[in-house]
Amino acid sequence: MKTKISKQILSILLCIMMVLAMVPMQTVFAVEATTPPLNDEGYYEISTVEHLKWFADMHAVEDPANINNAKLMADITINENVLNDDGTLNTDNTDYVSTGLIRYFYGTFDGNGHKISGIYSSFTGNGNGFIRENYGVIKNLGIVDSYFYSDYDGIAASGAICGKTYDGEIINCYSSSTVLSTGYRVGGICGYATSASKIIDCYNTGNVYSSKNFGEYGEVGGIVGWLAYNSLVKGCYNEGTVSGDGRRTGGIVGENLHSTIEDCYNSGTVSSTRAYVGGICGDNYGYSADTIIRNCYNTGTVSTADFDAGGISGRNGWQYALIENCCNFGSVTAVRTAGGISGNNTGNEGEYATIRNCYNSGSVNCTTTYEAGGIACVSYGTLKNCYNTGEVTCAK
């Protein structure tokens, strides 16, 4: 009997070893830190991987008094060929150099028109990005050929430039990287931006994906996953593929809560297995007059295997939410409630959402016998000065 059990255990161990042998293992090596020069303006001049490591180490502990400024003096390559052409991780690479991520940041990080290439960041936890938590200013910076993966059962707050920003600014930055998470609030530039944060003149061309269904949550965006409380996204665009398995997926913003999105466009494919999917915003949601999408357009394909898909926003509501001066040219598909501008223009307690001065020419398709509309499928709110030329169809 003991011999039989021993053979079974041996067989199981051999199977485990075979499986592990097929899974590529990434080993991360830290570089030695070197102090960068400090210029007369009070900026550390970063020009090497070793300088970047030193600066990251300086910001490993939260300290609002630790205000250090940095300026990139050259393009920096940490690793080469991190991504395949389709944005997936290049599993032929097994050894990665790491500078560490900047954990808490209160100063100004000026990319100075340069880019950082080849960041590999994969861990269990939240706040994944070149700068994990930003309370300062990040500007003129590109993050390319980089891979950010967070395994977290909750608010992942993952983005290529930064994971989270509180009353911070991200200006003139871009990403051509991949951001993946099992959690929610995931964006191509920033995971979430709140408390009067500003994301201005930024763009994303990389893949953004959240793989887990959290019921009401998801919040995945080409620029930012969650935009909240008097924050602003302005002059930004997305060309990357944005997808999720939770609610609220958008080409620019996953969920807009009491904030403004203006002068933005999306040309990337936006899709989800759950509700509230839009070319610009998944869910434009607020109870006050400052929940706005203005002067935006979409040319990307928008689809959901659930309800509420729109060329601009999946849902516009509840009270006071506004979409104005927007156009959609991309196709919109949903199982039910599909709209050229918004799938659902709703409201609550007598105060209703508004769509005005908008135009749709994209096809709108409901894959079941439920409703579809050229501007909105369902509207309890106001539709003013809008028109549609796109084909609207439902399954027979």
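Residues numbered from 1 in each chain as written. Predicted model: local features only at pLDDT ≥ 70, side-chain atom pairs only at ≥ 80, totals over all residues. Heavy atoms only, no water.

Brief notes about the pairing of strand S21 (residues 224-228)
(1) Moving on: A large share of S21 lies buried, amounting to five of its five residues.
(2) Moving on: As judged from the four bridges shared by strand S16 (residues 190-194) and S21, these two strands associate in the parallel manner. The residue bridging Cys190 from the neighbouring strand is Val224, located in S21.
(3) Moving on: Pairing of S21 with strand S26 (residues 253-257) involves four bridges; the strand directions are parallel. (Buried < 20%, exposed > 50% of the residue type's maximum accessible area, 1.4 Å probe, protein only. Helix = DSSP H or I, 4+ residues; strand = E, 2+ residues; numbered from the N terminus. Pairing = 2+ DSSP bridges.)

Here's the deal with the nonpolar core
(1) Moving on: Membership of the largest hydrophobic core comes to 61 residues, with the highest contact counts inside it found for Phe109, Phe130, Leu141, Ile170, Ile199, Val233 and Ile261.
(2) Moving on: Going through the elements one at a time, strand S2 (43-46), helix H2 (49-58), strand S3 (69-72), strand S6 (102-105), strand S7 (108-117), strand S10 (137-151), S16 and S21 are the ones with two or more residues in this core.
(3) Moving on: Excluding anything up to four places from it in sequence, Phe109 contacts Ile46, Leu52, Phe55, Ala70, Leu72, Ile102, Phe130, Ile131, Val137, Ile138, Lys139 and Leu141.
(4) Moving on: In this structure, Val277, Val302, Ala334 and Ala338 belong to the second largest nonpolar core, which totals eight residues. (Core = buried A, V, L, I, M, F, W, Y, C linked by side-chain atoms within 4.5 Å. Contact = heavy atoms within 4.5 Å.)

Here we look at unusual backbone geometry
(1) Moving on: Although it is not a glycine, Ser195 sits at a positive phi angle of roughly 60°.
(2) Moving on: For Ser195, the location among the structural elements is in the loop between S16 and strand S17 (198-200).
(3) Moving on: Under the relative-accessibility criterion, Ser195 is labelled partly exposed at 37%.
(4) Moving on: Even without glycine at this site, His258 takes up a positive phi of about 55°.
(5) Moving on: The topology assignment puts His258 in the loop between S26 and strand S27 (260-262).

Describing the packing of aromatic side chains
Given two aromatic rings, one states the distance between the centres and the angle between the planes to describe the pair.
(1) Moving on: All told, the structure shown has 22 aromatic pairs when counted by the stated rule.
(2) Moving on: Between the aromatic rings of Tyr106 and Tyr135, the centroid separation amounts to 4.6 Å while the plane-to-plane angle is 10°, which identifies the pairing as stacked. Of this pair, Tyr106 sits in the loop between S6 and S7 while Tyr135 sits in the loop between strand S9 (131-134) and S10, and the two are 29 residues apart along the sequence.
(3) Moving on: Among the residues examined, Tyr106 registers a relative accessible area of 17% and is labelled buried.
(4) Moving on: Here the aromatic rings of Tyr297 and Phe329 are separated by 6.4 Å at their centres, their planes lie at 75°, and the arrangement is edge-to-face. Of the two residues, Tyr297 sits in strand S33 (residues 297-298) while Phe329 sits in the loop between strand S38 (327-328) and strand S39 (332-334), which places them 32 residues apart along the sequence. (Phe/Tyr/Trp six-rings, centres within 6.5 Å; stacked < 30°, edge-to-face > 60°.)

Considering the pattern of salt bridges
(1) Moving on: Tallied over the full model, the rule gives 15 salt bridges.
(2) Moving on: Notably, a salt bridge pairs Lys234 with Glu262, separated by 3.2 Å at the nearest N-O pair. Here Lys234, found in strand S22 (residues 232-234), pairs with Glu262, found in strand S27; they are 28 residues apart in sequence, far enough to count as distant.
(3) Moving on: Linking Asp283 and Arg248 is a salt bridge whose minimum nitrogen-to-oxygen distance equals 2.9 Å. In this pair, Asp283 sits in strand S31 (residues 281-285) while Arg248 sits in strand S25 (residues 247-250), placing the two residues 35 residues apart along the sequence. The residues Asp283 and Arg248 share a single accessibility class, namely buried.
(4) Moving on: Put simply, Lys234, Glu262, Asp263, Arg294, Glu324 and Arg356 are held in one network by salt bridges that share partners. (Salt bridge = Lys/Arg side-chain N within 4 Å of Asp/Glu carboxyl O.)

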